[in-house]
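# Structural characterization, general
Residue strings, one per chain:
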Amino acid sequence: MSDCIFCKIIAGEIPSAKIYEDELVYAFLDISPINFGHTLVIPKEHHQSAATIPEETAGRMFRIASRIGILLKRLDEFDAYNLHLADGSAAGQVVMHAHLHVIPRGAEDGFRWNWRQLKYPEGKMMEIAEEISAKLKEKITQ
Ligand code: 5GP
Ligand code: ZN
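Here's what I pulled together on the structure shown here. Because the structure is predicted, anything quoted here is derived from the model rather than measured. (Residues numbered from 1 in each chain as written. Chains lettered and ligands numbered in written order. Predicted model: local features only at pLDDT ≥ 70, side-chain atom pairs only at ≥ 80, totals over all residues. Heavy atoms only, no water.)

### Section: the coordination of the zinc ion (ligand 2)
Here is the rule: Metal sites are built from N, O and S donor atoms within 2.8 Å, or 3.2 Å for Na, K and Ca, and they leave out water, so they may look incomplete. Think of it this way: with four donors and all angles in the 85 to 135 degree range, the site is tetrahedral; with four or six donors, opposite ones beyond 155 degrees and the rest between 65 and 115, it is square planar or octahedral; otherwise it is irregular. A run of H or I in DSSP becomes a helix once it reaches four residues, and a run of E becomes a strand once it reaches two; helices and strands are each numbered from the N terminus. In this scheme, a residue with accessible area under 20% of its type's maximum is buried, one over 50% is exposed, and one in between is partly exposed, where area comes from a 1.4 Å probe on protein chains only.
The protein atoms donating to the zinc ion (ligand 2) are Cys-4 (SG), Cys-7 (SG), His-46 (ND1) and His-97 (ND1), with metal-donor distances spanning 2.0 to 2.3 Å. In this structure, the zinc ion (ligand 2) is surrounded by four donor atoms whose angles at the metal cover 104 to 117°, and the resulting shape is tetrahedral. We note that the donor set of the zinc ion (ligand 2) lies within a single chain, spaced as C-x2-C-x38-H-x50-H. Linking Cys-4 in the segment before helix 1 (5-10) with His-97 in the loop between strand 4 (80-84) and strand 5 (100-105), this pair joins segments that are 93 residues apart in sequence. The pair Cys-4 / His-97 is uniform in exposure class, with both members buried.

In structure tokens, the structure reads:
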């Protein structure tokens, strides 16, 4: 896609700190990292949403991201890593070329997810599960 910043990075039109590339995916350092080594793994084909990425490419993204996460742990004083994907603006997606963040984490790194924990009213949890499950079954069999 001609005006996509990540497509330009893949094409070499914009420089990047590349750490991995194969026929399906490209991985490079995020320019504004949560911790140093924070990596983005992207499909070479332009997809705005992760939902349209073909299964083989999505699987490769996940596998490479996990391997990079393990390597990042060994590389520095990191204990763990987060995989994060924002799908849509309301979820925090800023660059509209799907990307999987690999964020190296240390127990004392000072970064916290602002993760709230709501409580379901009585019966609501099963109701929502059944609704999603039924719709998912329809979609998968379509
Ligand atoms: P999002 O918020 O869409 O999940 O994440 C987009 C990420 O892309 C951000 O973390 C941002 O720092 C990174 N980013 C945006 N533009 C560039 C760029 O030109 N080069 C690199 N390496 N990272 C970028
Ligand atoms: Zn793109």
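And the narrative resumes.
### Thoughts on helix 2 (residues 55-75)
Definition in use: One less than the number of residues in a helix, times 1.5 Å, gives the span that helix is expected to have. Here, residues are in contact when the closest pair of their heavy atoms is within 4.5 Å.
Taking 1.5 Å per residue, 21 residues should reach 30 Å; helix 2 reaches 30 Å between its end C-alpha atoms and fits that length. Those residues of helix 2 that fall on the buried side of the exposure criterion are Thr-57, Arg-60, Met-61, Ile-64, Ala-65, Ser-66, Ile-68, Gly-69 and Leu-72. On the buried face of helix 2, the contacting elements are strand 1 (18-21), strand 2 (25-29), strand 3 (39-43), strand 4 and strand 5.

### Looking at the site of ligand 1
Heads up, the rule is: We call a residue near a molecule or strand as soon as one heavy atom of that residue lies within 4 Å of the molecule or strand. Polar contacts, as counted here, are pairs of nitrogen or oxygen atoms within 3.5 Å of one another; within protein the pair requires one atom able to donate a hydrogen and one able to accept it, and residues that are adjacent in sequence qualify only if both atoms are side-chain atoms. Here the Shrake-Rupley method, with its probe set to 1.4 Å, supplies the accessible areas, and only the displayed protein chains count as covering residues. Under the scheme applied here, ten amino acids are nonpolar (Ala, Val, Leu, Ile, Met, Phe, Trp, Tyr, Cys and Pro), four are charged (Asp, Glu, Lys and Arg), and all others, including Gly, are polar.
As a structural note, the neighbourhood of ligand 1 is formed by 16 residues, with Leu-29, Asp-30, Val-94, His-99 and His-101 the closest of them. Between Ile-31 and ligand 1, the recorded distance is 3.3 Å, taken from a backbone N or O atom to a nitrogen atom. Contact between ligand 1 and His-99: an oxygen atom at 2.7 Å from a side-chain N or O atom of the residue. Within the complex, the protein chains bury 81% of what would otherwise be the 520 Å² of accessible surface of ligand 1. Broken down by secondary-structure element, the contributors of at least two residues to the shell around ligand 1 are helix 1 and strand 2. Considering each element in turn, the shell around ligand 1 owes the most residues, three residues, to helix 1. Residue composition of the shell around ligand 1, by class: ten nonpolar, five polar and one charged.

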